[in-house]
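# Descriptive analysis of the structure
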Amino acid sequence: MNALLEQSIHGLHASYLDGSRRPTDTLDECLAQIERTEALGAFVRLDQAGARRDAEAADERSKRGALRSPLDGVPIALKDNIITKGLETNAGSKILEGFVPPYDATLVTRLREAGAVIVGKTNLDEFAMGSSTEHSAYGATKNPWDPSRVPGGSSGGSAVAVAARQVYGSFGTDTGGSIRQPASLTGVYGLKPTYGRISRYGLVAYASSLDQAGPFARRLDDLAVLYLAVAGFDPKDATSHPEAVPDPNACTASGMAGLKVGLPSEYLTEGLDPEVESAVRLAAKWLEDAGAKIVPISLPHTRYALSTYYLIATAEASSNLARYDGLRYGPRAKSTDLARTIVESRHQGFGAEVKRRILLGTFVLSAGYYEAYYARAQKVRTLIRRDFEAAFQDVDLMLTPTSPVPAFELGARLSDPLAMYLADVCTLPVSLSGLPALSAPVGLSSAGLPLGAQLIAPWWQETRLFEAALVFEARTDLAQRAPPAAYAADSS
Ligand code: GLN
């Protein structure tokens, strides 16, 4: 593996500025690494021609001293539920086979304006429903730390592309944990910003009141560059927020001095892997060493989060997915009857997990059950949010595990949906509350698997997440250590 692939985005930018590197060289390195580690299945589609064209344009700009941003000429990847003009987008589903979007998502427009080179689209659980990237119509993605294990999900492809040094950064989406959990399982940083911080315009909708896009990176300075390039108000998204976006590049680890960090007791109980627990406690100690005060707190409604999430997310999914009729893309069934064609096409086009969600969501919204399930779930959602509101009266930040366990074996949870749903038990309450959270790598298990910690900040306080994570980054080089599979088939 070439040392260039270990560069930071700022380091790459500096080498473009002094002329010692060209964006096309970087692209070549990335494409070679993608080929070398292809067996991990991170990408569903490469856009070699588009990436080459963009890298050549960046070459020109760098020669003229006209680079647009630190991201100019930097190869990145996008989860395949973020739509890209002219580049097929399937969201892991057969029902979107052949769908070539006529426009870019706002976050893609912003990345292109910054000069980023979009190398391709990464694998995900179908419509982002899942926690292992095994529910994809295009095959499973594997964990570069141990390819017999899952990378987490649903943004598994984006996490692996970064962990395996295929690209310098990537974007995923997080509805209940889909950025944070795969980041944790693959040993990289993953940020889910406050709901409304990054435009949802052009994301393939799963559960609109929860969906939020965000970046993956191997270093916090890279994460900051990626986040800043796309964050901020977008008139095309009605839930986008006009709040100013403070610059996380200005953060330092000294920001932790005097801050109070809550450790919610509900997250450190049964079902937690002991190695995950000790990694989180060690991370708390690091924050303490950096001048923070660690206090135990309680978020009493946490135990309702899983059921609340699966009522609300499936209800919204059943409504969002009603638009797929199979008439324009995907496997159109052959019938002369329109209703039959649609029913059959949906039957063939959706995978089993998506069907399960549509059925559940339709049920909880149906007459007679709406009040008992959906309306009640909305009330409990408010109670969960109020837990956080109350706790943040007293603490500045919270620290929890990201995932209760390290990466599990491929196939281990496929036949048990509830076991799969439990993978997100630590991330779901944050999503229901719309809070910003960051997963940071804080250790390796005895089996050599990454262990992650989740930092949770009050609404719009992403910079606080960076301040605390900088403390971790100074204490562990984990995210900067390449996983074994990054060297696969590499003779050098
Ligand atoms: N695993 C959760 C689900 O399947 C979360 C997925 C996500 O955040 N997109 O709904």
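See the structure above.
Residues numbered from 1 in each chain as written. Predicted model: local features only at pLDDT ≥ 70, side-chain atom pairs only at ≥ 80, totals over all residues. Heavy atoms only, no water.

### Describing the overall build of the protein chain
For the protein chain, the count of helices and strands is 15 helices and eleven strands. Here the C-alpha atoms of the protein chain give a radius of gyration of 21 Å, agreeing with the 23 Å that 2.2 N^0.38 yields for 492 residues. The 492 residues of the protein chain split such that 61% are buried. Put simply, of all contacts in the protein chain between residues at least 6 apart along the chain, 76% involve residues at least 24 apart. As displayed, the protein chain offers around 17,500 Å² of accessible surface, 53% of which is attributable to carbon and sulfur atoms. (Helix = DSSP H or I, 4+ residues; strand = E, 2+ residues; numbered from the N terminus. Rg over C-alpha atoms; globule rule 2.2 N^0.38 Å. Buried < 20%, exposed > 50% of the residue type's maximum accessible area, 1.4 Å probe, protein only. Contact = heavy atoms within 4.5 Å. Areas by Shrake-Rupley, 256 points an atom, 1.4 Å probe, with all protein chains shown as cover.)

### Quick word on the packing of aromatic side chains
Taken as a whole, this structure holds 13 aromatic pairs when the rule is applied. Ring geometry for F127 and Y324: centres 5.1 Å apart, planes at 40 degrees, overall tilted. Of the two residues, F127 is situated in the loop between β3 (117-122) and α5 (156-163) and Y324 in the loop between α9 (305-320) and α10 (338-349); the sequence distance between them amounts to 197 residues. Their ring planes at 55 degrees and their centres at 6.0 Å tell us that W286 and F472 sit as a pair that is tilted. Taken as a pair, W286 in helix α8 (residues 274-289) and F472 in helix α15 (residues 462-475) lie far apart in primary sequence, 186 residues in all. Counting every residue linked through ring pairs, the aromatic cluster contains F127, Y324 and F350. The side chain of R218 reaches across the aromatic face of Y168, ending 5.7 Å from its centre. (Phe/Tyr/Trp six-rings, centres within 6.5 Å; stacked < 30°, edge-to-face > 60°. Lys NZ or Arg CZ within 6 Å of the ring centre and 35° of its normal.)

### Brief notes about the pairing of strand β10 (residues 437-444)
Burial analysis of β10 places seven of its eight residues in the buried class, the great majority of the element. The pairing of strand β5 (residues 189-192) with β10 spans three bridges and is classified as antiparallel. The residue bridging G190 from the neighbouring strand is S439, located in β10. In the sheet, β10 pairs with strand β11 (residues 450-456) via seven bridges, with the strands oriented antiparallel. Bridge pairing links P441 to G452 in β11. Hairpin remark: β10 followed by β11, antiparallel, with five residues in the connecting loop; positive phi at G448, about 80 degrees. (Pairing = 2+ DSSP bridges.)

### Points about the environment of F363
As for its position among the elements, F363 is in helix α11 (residues 352-365). The sequence separation of F363 and T269 amounts to 94 residues, and the corresponding C-alpha distance is 33 Å. Leaving out residues up to four positions away in the same chain, F363 has contacts with Y369 and Y373.

### Side note on helix α4 (residues 106-114)
Three or more residues of α4 are buried, namely T106, L107, V108, R110, L111 and A114. Where α4 is buried, its residues meet β2 (75-79), β3, β4 (169-174), β6 (212-217) and α7 (220-230).

### Focus: helix α1 (residues 9-17)
When we look at burial in α1, the residues that qualify are I9, L12, H13, S15 and Y16. All buried residues of α1 project into a common sector of 160 degrees when viewed along the axis, lining one side. (Arc of directions from axis to C-beta.)

### Comments concerning the pattern of salt bridges
The full count for this structure, using the stated rule, is 24 salt bridges. Residue R53 pairs with D54 through a salt bridge whose shortest N-O separation is 3.5 Å. Taking the shortest distance from any N to any O, the salt bridge between R112 and D54 comes out at 3.9 Å. Taken together, the positions of R112 in helix α4 and D54 in helix α3 (residues 48-63) put the pair 58 residues apart, joining distant regions of the chain. By relative accessible area, which is 19% here, D54 ends up buried. Each of R53, D54, D104 and R112 takes part in one network of salt bridges that share partners. (Salt bridge = Lys/Arg side-chain N within 4 Å of Asp/Glu carboxyl O.)

### Quick look at a nonpolar patch on the surface
On the surface, L360, F363, Y369 and Y373 cluster together into a nonpolar patch covering about 340 Å² of accessible area. Relative to the helices and strands, Y369 is located in the loop between α11 and α12 (370-391). On the accessibility criterion, Y369 (38% relative accessible area) is partly exposed. (Patch = residues over 30% accessible without salt bridge, like charges linked within 9 Å, V, L, I, M, F, W, Y side chains within 5 Å.)

### Comments concerning the packing of helix α2 (residues 23-36) against α3
Here α2 crosses α3 at 150 degrees, and the two axes come no closer than 7 Å. As summarised for this structure, α2 and α3 are arranged roughly antiparallel, according to the angle between their axes. Along the contact surface, α2 presents P23, T24, L27, D28 and L31, while α3 presents Q48, A51, R52, A55, E56, A58, D59 and S62. Tallied by class, residues from the contact of α2 with α3 come to six nonpolar, three polar and four charged. (Axes fitted to C-alpha atoms, helices over the stretch in contact; angles between N-to-C directions. Parallel < 35°, antiparallel > 145°, perpendicular 65-115°, else oblique. Nonpolar A, V, L, I, M, F, W, Y, C, P; charged D, E, K, R; others polar.)

### Details of the site of the ligand
In the vicinity of the ligand lie 15 residues, with G176, S178, Y206, Y309 and D424 positioned nearest. T175 is positioned such that a nitrogen or oxygen atom in its backbone is 2.8 Å from an oxygen atom of the ligand. Take Y206: an N or O atom from its side chain is 2.6 Å from an oxygen atom of the ligand. Tallied by class, the residues present in the shell around the ligand amount to five nonpolar, seven polar and three charged. (Near = heavy atom within 4 Å. Polar contact = N/O pair within 3.5 Å; in protein donor to acceptor, adjacent residues only side chain to side chain.)

### Brief notes about unusual backbone geometry
Cis geometry marks the peptide bond from G153 to S154; its omega dihedral reads 10 degrees. Along the chain, S154 turns up in the loop between β3 and α5. One non-glycine residue with positive phi stands out, namely T133, at about 60 degrees. With respect to the secondary-structure elements, T133 resides in the loop between β3 and α5. What makes T133 buried here is its relative accessible area of 0%. Backbone geometry at W460 places phi at a positive 70 degrees, although glycine is not the residue there.

### So, the environment of V380
Summarising the element assignment, V380 is placed in helix α12. The class for V380 is partly exposed, based on a relative accessible area of 21%. On a C-alpha basis, the gap between V380 and S307 in space is 9.7 Å, while along the polypeptide they are 73 residues apart. Beyond its immediate chain neighbours, meaning those up to four positions away, V380 contacts Y304 and T308.

### Points about the packing of α11 against α12
The contact between α11 and α12 brings their axes to 7 Å, and the two run at 105 degrees. Classed by the angle they form, the pair α11 and α12 counts as roughly perpendicular. Along the contact surface, α11 presents F363, V364 and L365, while α12 presents Y370, Y373 and Y374. Along the lines of polarity and charge, the residues of the contact of α11 with α12 split into six nonpolar, no polar and no charged.

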